Amino acid sequence: MAMSLDVLPRSNYVGEVRASHIGQTLILKGWVHRRRDHGGVIFVDLRDRTGLCQIVFDPQVLNAEAFDAAGALRDEYVLAVRGTVRRRPEGTENPNLATGEVEVLVQEFEVLNTCKTLPFKLDEYTTVNEDVRLRYRFLDLRRPEMQRNFFLRHKLFQVVRQYFSENGFLEFTTPILTKSTPEGARDFLVPSRLNPGCFYALPQSPQLFKQLLMVAGYDRYFQLAPCFRDEDLRANRQPEFWQIDVEMSFVTPEDIYGVMEGMVARVWKECLGIDVPIPFPRLPYERAMLEYGSDKPDLRFDLRITDLTDFFAGTDIKVFAGALAVRGRIRGLRVPGGAAFSRKQLDDYTAFVGQYGAKGLAWFKVLENELQSPLTKFFSPDLVEAFKAKMEAQVGDIIFVVAASEKVVCDALGQLRLKIASDLDMIPQDKFSFVWITDFPLFEWSEREKVFTPSHHPFTAPAKEDIPLLDEYNSNPEGWKGVHPDDHPLKKVRALAYDLAINGEEAGGGSIRIHRRDIQNKVFRAIGIDDATADRKFGFLLDALSYGAPPHGGLAFGVERMLMLLLGEKSIREVIPFPKTQSGADLMVDAPSPVDEEQLRELHIRVELPPDENKK
């Protein structure tokens, strides 16, 4: 008795069938991708993760019952077939398929499973609501486009592991259940049943553990690490994500740049076949913000911002003078050929920068014999010429100017730069631009809380020459209250921190860490963490720093962000197998969801919902 096809091993993956198999009998297994009837013969495109192959059901080969069963096949039925490989008739080859020279003439087949009516056709996913795709993610993942993405994710992990192993790094796994510490976002908390009233936190990063591994003498660490952050979600943020996490001892920032450039070059070469020139350029943070309005500038196109604060000092132009009176900034963006912009376009750009806090957008069209603008009535002829020279303007250009606080000026012109480049098709989509952003400030001013907070995390080392500024502040914190942020000593402290920006996205970031307890305490005091609080929250780290901690540093690259760049995807959900929605929900498994009262009692937890939630 012949064995059933469902228990016989397949001889080949579907996408592996080639002309070299002609005349051979193969066993293939996969899904019905598409079925067609032509002249009494049934053609099916069989699919598995390797691709498609055309299989043929011929009534002259199959008995009537089997052929009728073939006629009942529908999309996404699961099949096992045994058949002979033959060359396709001349003129019917498909050069778009790797298997396109051949087809398999079916001798017997078995339906291993049927399929309900699909909620959406897998080749029409672009017109389907994303929530439907996420609800039926197990179907969405069958699409070749999605399989391409996750093959590359697997490839990326392989390349990264091989690269770091070759370069003397050890792969570690660090705890998932750990201690809640301030790292910039809210922690996901996990109640401890065995310790009532106490909670673990899911790690926002392995930061402290990888530092402790350096203290322990392991010298070079890496990890493909899951991370969790309970923050307000944005278009390309997820509550759980993965990062390529790295730490090294006895290194300078340049040492770290070299190692990570090698990794990026290897990834781009093995995943895309692209040779990436290294080293990457270095761009200080201050210059990046001044010239591009961003600490992750897209350098694929050359539009630069020019500072005009000193140029307009003493001006009578009300909007400019008002900004200068409150120590704001005035900056301009020259757009070649922009004099052709219509009034509607100018109004649209004015509304656009308003989204970033700008109260207006001044514009100046550089014409043959005129600088056209509602503001040129305030310009003398000499000022007109000086302004054009300052902006290096040519006939046909337009100059946009924003006057506001430094943050608003950077945000407004930085985003306007990107929008105009997109509108004018100035961004080459087949190009990658890499740049290290260096010399970040150690602290940033919180306008809401009226205090300085860490720009990255509180374990970042300050520049050695700026440590006296910490002492200056810590010696008399009360004396600096009410002082303008620009005059504050903490404003001037630079960090040994760096980010790698690729095509305007922050691909990764890191720093040299504080390895001395006295310096760590200085930073804690500067951000309002007294010694007692520091010991309670970070005693284990401070203790470790007292036992011969070496100088060390590292960084982390976001896996999903890197995959989006490699694949050209716009949504982070396209590179995560089972992502959450923007509201943090998993529509497929219906999470988060309520739990039983008994589970809550075991954890000594009582839920008190806000009044509006009780009404639902």
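Since the structure is predicted, the reported quantities are computational estimates derived from the model, not experimental observations.

Peer 1: Just to check I follow, could you spell out the overall build of the protein for this structure?
Peer 2: Along its length, the protein carries 17 helices and 22 strands. In the protein, the proportion of contacts linking residues at least 24 apart, taken out of those at least 6 apart, comes to 69%. Working note: accessible area of the protein is about 31,100 Å², and carbon and sulfur atoms make up 51% of it. Averaged over its 77 positive side-chain charges, the protein has a centre that lies 1 Å from the centre of its 90 negative ones.

Peer 1: Looking at this structure, I do not really get the layout of surface pockets. What am I missing?
Peer 2: One number sums up the size of the second largest pocket: a volume of about 530 Å³. What lines the second largest pocket is a set of 16 residues, and nearest its centre among them are Phe-188, Pro-239, Lys-580, Gly-584 and Pro-592. Of the residues assigned to the lining of the second largest pocket, the class counts are 10 nonpolar, 2 polar and 4 charged.

Peer 1: Honestly, unusual backbone geometry in this entry has me stumped. Any pointers?
Peer 2: If a residue is not glycine, its phi is most likely negative; likewise, a peptide bond is most likely trans. A cis geometry characterises the amide bond from Ile-278 onward to Pro-279, with omega recorded as 5°. Structurally, Pro-279 is set in the loop between helix H6 (253–272) and strand S11 (282–284). Pro-592 follows Ala-591 through a cis peptide bond whose omega is 0°. Note on placement: Pro-592 falls in the loop between helix H15 (559–567) and helix H16 (597–602). Look at Asn-503: it is not a glycine, yet its phi comes out positive at around 50°. Within the fold, Asn-503 resides in the loop between strand S20 (497–502) and strand S21 (505–512). Look at Asn-503 and you get buried, because its relative accessible area is 11%. Located in the positive-phi region is Asp-590, a residue other than glycine, with phi close to 60°. Along the chain, the position of Asp-590 falls in the loop between H15 and H16.

Peer 1: For this particular structure, what's the right way to read the pairing of S21?
Peer 2: On a regular strand, each side chain points to the face opposite its neighbour's, so the side chains alternate between the two faces of the sheet. The buried count for S21 comes to 6 of 8 residues, which makes it a mostly enclosed element. Relative to S21, S20 runs antiparallel, the two being bridged by 6 bridges. Among the inter-strand pairings, Ala-501 is bridged to a residue of S21, identified as Glu-506. Between the end of S20 and the start of S21, which pair antiparallel, lie 2 residues, with Asn-503 showing a positive phi angle near 50°. Alignment of S21 against strand S22 (residues 552–558), held across 5 bridges, turns out to be antiparallel. Paired with Ser-511 across the two strands is Gly-554, which belongs to S22.

Peer 1: Teacher, can you tell me more about the sheet that holds S20 here?
Peer 2: Paired through their backbone hydrogen bonds, the strands of a sheet run either parallel or antiparallel. The strand order across the open sheet built from 8 strands is S6-S9-S10-S22-S21-S20-S17-S11, with neighbouring strands paired in mixed fashion. Each having just a single partner strand, strand S6 (170–171) and S11 make up the two edges of the open sheet. Pairing of strand S9 (residues 220–228) with strand S10 (residues 240–249), which is carried by 9 bridges, proceeds in the antiparallel orientation. Looking at the pairing, Cys-227 lines up with Phe-241 of S10. Strands S9, S10, S11, strand S17 (434–438), S20, S21 and S22 of the sheet are contacted by H6, whose axis makes an angle of about 30° with S22.

Peer 1: For this particular structure, what's the right way to read the pairing of strand S19 (residues 451–454)?
Peer 2: Sheet analysis places strand S18 (residues 443–446) next to S19, joined by 4 bridges and oriented antiparallel. Residue Phe-443 lies in a different strand from S19, and its bridge partner there is Pro-454. Linking two consecutive strands that pair antiparallel, namely S18 and S19, is a turn of 4 residues; a positive phi of about 60° is found at Lys-450 within it.

Peer 1: Hey, could you run me through the side chain of Lys-522 in this one?
Peer 2: Summarising the element assignment, Lys-522 is placed in helix H13 (residues 517–526). Residue Lys-522 is classed as buried on the basis of its relative accessible area, which comes to 17%. If sequence neighbours within four positions are ignored, Lys-522 has contacts with Ile-467, Leu-470, Asp-471 and Asn-474.

Peer 1: Looking at this structure, how should I read the pattern of salt bridges?
Peer 2: One side chain can pair with another of opposite charge once the charged atoms of both are near each other. Applying the stated rule across the entire model yields 57 salt bridges. The salt bridge partner of Glu-247 is Arg-513, with a shortest N-O separation of 2.9 Å. On the criterion of sequence distance, the pair formed by Glu-247 in strand S10 and Arg-513 in the loop between S21 and H13 is long-range, its members being 266 residues apart. The same class applies to Glu-247 as to Arg-513, namely buried. What you see here is one network of salt bridges that share partners, running through Arg-133, Arg-137, Asp-140, Arg-143, Glu-145 and Glu-574.

Peer 1: Would you mind showing me how to read helix H11 (residues 406–423) here?
Peer 2: A rise of 1.5 Å per residue sets the reference length of H11, with its 18 residues, at 26 Å; its end C-alpha atoms lie 25 Å apart and thus fit the reference within 8%. Taken residue by residue, H11 has Val-408, Val-409, Cys-410, Ala-412, Leu-413, Gly-414, Leu-416, Arg-417, Ile-420 and Ala-421 as its buried positions. On its buried face, H11 is in contact with helix H7 (285–292), strand S12 (305–307), strand S13 (329–335), helix H9 (343–354) and strand S16 (398–404). Of the residues flanking the end of H11, it is Asp-425, one or two places downstream, whose phi is positive at about 55°.

Peer 1: Can you walk me through the packing of H9 against H11 in this structure?
Peer 2: A pair of packed helices is characterised by two quantities: the angle between their axes and the separation of those axes. Between H9 and H11, the shortest axis-to-axis distance is 9 Å and the interhelical angle comes to 140°. In terms of orientation, H9 lies oblique with respect to H11. Considering the relative orientation of H9 and H11, their crossing is right-handed. Together, Tyr-349, Phe-352 and Val-353 of H9 and Ala-412, Gln-415, Leu-416, Lys-419, Ile-420 and Asp-423 of H11 make up the contact between the two elements. Split by residue class, the contact of H9 with H11 holds 6 nonpolar, 1 polar and 2 charged.

Peer 1: Could you clarify how one ought to interpret the sheet that holds strand S1 (residues 25–38) in this entry?
Peer 2: Spatially, S1-S2-S3-S5-S4 is the arrangement adopted by the 5 strands of the closed barrel, whose pairing is mixed. On average, each strand axis in the sheet is tilted by 55° relative to the strand beside it, whichever way the strands run. Pairing between S1 and strand S4 (residues 78–87): 7 bridges, direction antiparallel. Across the sheet, Ile-27 pairs through a bridge with Arg-82, a residue of S4.

Peer 1: Teacher, can you tell me more about the packing of aromatic side chains here?
Peer 2: Aromatic rings in a pair are described by how distant their centres are and how their planes are angled relative to each other. Applying the stated criterion across every chain yields a total of 32 aromatic pairs. Seen in terms of ring centroids, Phe-459 and Phe-538 are 5.4 Å apart; in terms of plane orientation they differ by 75°. Their pairing is edge-to-face. With Phe-459 in the loop between S19 and helix H12 (467–474) and Phe-538 in helix H14 (residues 531–545), this pair connects stretches of sequence that are 79 residues apart. With respect to class, Phe-459 is no different from Phe-538; both count as buried. Against the face of Tyr-136 rests Arg-135, its NZ or CZ located 4.7 Å from the ring centre. When the ring centre of Phe-352 is taken as reference, the NZ or CZ atom of Lys-419 above it lies at 5.6 Å.

Rules of the game
- Residues numbered from 1 in each chain as written.
- Predicted model: local features only at pLDDT ≥ 70, side-chain atom pairs only at ≥ 80, totals over all residues.
- Heavy atoms only, no water.
- Helix = DSSP H or I, 4+ residues; strand = E, 2+ residues; numbered from the N terminus.
- Contact = heavy atoms within 4.5 Å.
- Areas by Shrake-Rupley, 256 points an atom, 1.4 Å probe, with all protein chains shown as cover.
- Lys, Arg positive; Asp, Glu negative; His and termini not counted.
- Charge placed at Lys NZ, Arg CZ, Asp CG, Glu CD.
- 1 Å grid on protein atoms, 1.4 Å probe; cavity = no way out; pocket = protein on both sides within 12 Å on 5 of 7 lines; lining within 4 Å.
- Points joined across faces, edges and corners; volume = space filled by probe spheres on them.
- Nonpolar A, V, L, I, M, F, W, Y, C, P; charged D, E, K, R; others polar.
- Buried < 20%, exposed > 50% of the residue type's maximum accessible area, 1.4 Å probe, protein only.
- Pairing = 2+ DSSP bridges.
- Axes fitted to C-alpha atoms, helices over the stretch in contact; angles between N-to-C directions.
- Salt bridge = Lys/Arg side-chain N within 4 Å of Asp/Glu carboxyl O.
- Expected span 1.5 Å × (residues − 1).
- Parallel < 35°, antiparallel > 145°, perpendicular 65-115°, else oblique.
- Left-handed = near helix turned anticlockwise from the far one by under 90°.
- Phe/Tyr/Trp six-rings, centres within 6.5 Å; stacked < 30°, edge-to-face > 60°.
- Lys NZ or Arg CZ within 6 Å of the ring centre and 35° of its normal.

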